[in-house]
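Observations on the model geometry
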Amino acid sequence: MPLPTSSRLLALLGLLQARAVVSASDLAHRLGVGERTVRKDVERLRELGYPIDSVRGPAGGYRFRDHGRLPPLLLEADEAVAVAVGLSSAATVRGLEEPSALALAKLEQVLPDGLRRRVRAVHESTDVGPANTATNVVAPVVDVGLLADLAAAVRDHEGLRLRYRPGGAGLEERVEADPYRLVSWQERWYVVARRRTDGAWHAYRADWLELRTPGAGRFAPDPLEGGDYAAFVLREVAFSGWSVHCRIAVDAPAEEVLGRINPTVGVVETVDDDHSVLVTGADSLEMVAVWIGMLGLDFHVDSPPELVGHVATLATRYAGAVTPR
């Protein structure tokens, strides 16, 4: 759906702020209109007093004259660098690459000359490694618009109507729930909400849900006891949010196992004084095998069958790695 004229003019101003020269064809593509509409919008902005020059030639287009740019942004040197580093890191998240780059370009435009050079030096001298190194599963694309809609619902105490597919596929659940908090963990986003049918708390993964409209209407807040929504998400993921779930028999007491794991991402059950069971999971068989191998304790795997086979393969591979050739 095309943007309303007022929204399109604001978007056009943002695009002109972000670059020295922008071609009419690029503007048309990004705004979803024809070049004739772009020319009319530029004329409207000129009539409003924005000093936009036309640049002729193969690399031509439109640009702001310097005095048409926003005034300097009042940030301390360390604050400006911190924002730039944060935007550079965000650019490694799938779905945030282009918005982060544009935001960084706009930040540079509104900084005083000295700070601009400082920020640009940090940006141009820094490489950011992949953020998702805790798993071998590709991180989901972040839907910025969906996160904004969820955040607005949390702020305004507006109930949600969801189509929810646990695991991203399979059977669809239709849910009405009251949202209380967004939580980001390991490049996944969750909305913590209380389901209206039974009042139960759940952590719904954002990339597995689709919002339905209209919403479920306003609600009177009744927050989670203790208010630690992040810890609730980690506990929920340990029980139901992983793609792979398993129970690992460990030849050690529960207290020793708990001392070696983050208690929010696994549950340890006591069997006897010398044995326990670790209930945990991950987004892939490979990551489960890595985590239980890092316990440093003897363990036994009997399910799921895919994990049993993978651990057996690893055992053969590791044994071969120390066998003399």
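Residues numbered from 1 in each chain as written. Predicted model: local features only at pLDDT ≥ 70, side-chain atom pairs only at ≥ 80, totals over all residues. Heavy atoms only, no water.

In this section: the overall build of the protein chain. Within the protein chain one finds 11 helices and 12 strands. Counting all 325 residues of the protein chain, 39% fall into the buried class. Contacts spanning at least 24 positions in sequence make up 59% of the contacts within the protein chain whose residues lie at least 6 apart. Within the structure as shown, the protein chain displays about 18,600 Å² of accessible surface, and the carbon and sulfur contribution to it stands at 54%. (Helix = DSSP H or I, 4+ residues; strand = E, 2+ residues; numbered from the N terminus. Buried < 20%, exposed > 50% of the residue type's maximum accessible area, 1.4 Å probe, protein only. Contact = heavy atoms within 4.5 Å. Areas by Shrake-Rupley, 256 points an atom, 1.4 Å probe, with all protein chains shown as cover.)

So, about the pairing of strand S3 (residues 158-164). Among the 7 residues of S3, 5 are classified as buried, and the element is accordingly described as predominantly covered. The pairing of S3 with strand S4 (residues 173-185) spans 5 bridges and is antiparallel. Paired with Arg 161 across the bridge in S4 is Glu 176. With 3 bridges joining them, S3 and strand S7 (residues 209-211) adopt antiparallel strand pairing. If you follow Arg 163 over to S7, its bridge partner there is Glu 210. (Pairing = 2+ DSSP bridges.)

Here we take up the nonpolar core. Judged by nonpolar contacts, the single largest core of 18 residues is most densely connected at Ile 248, Val 250, Val 257, Leu 278 and Leu 295. Those elements that place two or more of their residues in this core are strand S9 (244-250), helix H9 (254-258), strand S11 (275-282) and helix H10 (285-293). With 4 residues, the top contributor of residues to this core is S9. Each residue touching Val 257, except ones within four places of it in the same chain, is listed here: Val 250, Ala 252, Val 268, Ser 276, Leu 295 and Leu 297. (Core = buried A, V, L, I, M, F, W, Y, C linked by side-chain atoms within 4.5 Å.)

Tallying each qualifying case throughout the model produces 17 salt bridges. We note a salt bridge from Arg 218 to Glu 158, for which the minimum N-O separation is 3.7 Å. Pair noted here: Arg 218 is in strand S8 (residues 217-218) and Glu 158 is in strand S3, with a separation of 60 residues, a long-range link. A residue is classified by how much of its surface remains accessible, and Arg 218, at 57% relative accessible area, is exposed. (Salt bridge = Lys/Arg side-chain N within 4 Å of Asp/Glu carboxyl O.)

Turning our eyes to something else, we now look at helix H11 (residues 305-321). When the terminal C-alpha atoms of H11 are compared, their 24 Å separation across 17 residues agrees well with the 24 Å that a helix rising 1.5 Å per residue should span. Elements that come into contact with the buried residues of H11 comprise S9, H10 and strand S12 (299-301). (Expected span 1.5 Å × (residues − 1).)

For the rest of this paragraph, the subject is the pairing of strand S1 (residues 52-55). Summarising the sheet, S1 and strand S2 (residues 61-64) pair through 4 bridges and their orientation is antiparallel. Bridge pairing links Val 55 to Gly 61 in S2. The antiparallel pairing of S1 with S2 creates a hairpin that spans 5 residues between the two strands, and Gly 57 there sits at a positive phi of about 105°.

Attention now moves to a negative patch on the surface. A cluster of acidic side chains, namely Asp 251, Glu 255, Asp 272, Asp 273, Asp 274 and Asp 298, defines a negative patch on the protein surface. Residue placement: Glu 255 occurs in helix H9. (Patch = residues over 30% accessible without salt bridge, like charges linked within 9 Å, V, L, I, M, F, W, Y side chains within 5 Å. Lys, Arg positive; Asp, Glu negative; His and termini not counted. Charge placed at Lys NZ, Arg CZ, Asp CG, Glu CD.)

Along the chain, Ser 284 falls in the loop between S11 and H10. Taking the relative accessible area as the measure of exposure, Ser 284 reaches 8% and is therefore buried. Among the polar contacts listed, one links the side chain of Ser 284 to the backbone nitrogen of Met 287, at a separation of 3.2 Å. (Polar contact = N/O pair within 3.5 Å; in protein donor to acceptor, adjacent residues only side chain to side chain.)

We now examine the sheet that holds S12. Strand order in the open sheet formed by 4 strands is S10-S11-S9-S12, with antiparallel pairing between adjacent strands. Here the strands that pair on one side only, and so sit at the sheet edges, are strand S10 (267-272) and S12. Each strand of the sheet is rotated relative to its neighbour by a mean of 30°, with strand direction disregarded. With 5 bridges joining them, S10 and S11 adopt antiparallel strand pairing. Within S11, the position partnered with Asp 272 by the bridge is His 275. Sitting on the sheet, H10 touches S9, S11 and S12, and the angle it makes with S11 is about 145°. (Axes fitted to C-alpha atoms, helices over the stretch in contact; angles between N-to-C directions.)

Here we take up helix H3 (residues 35-47). Across its 13 residues, H3 extends 19 Å between first and last C-alpha, which sits within 8% of the 18 Å expected from 1.5 Å per residue. Along its buried surface, H3 packs onto helix H1 (5-18), helix H2 (24-31), S1 and S2. With its phi angle positive at about 105°, Gly 49 sits one or two positions after the end of H3.

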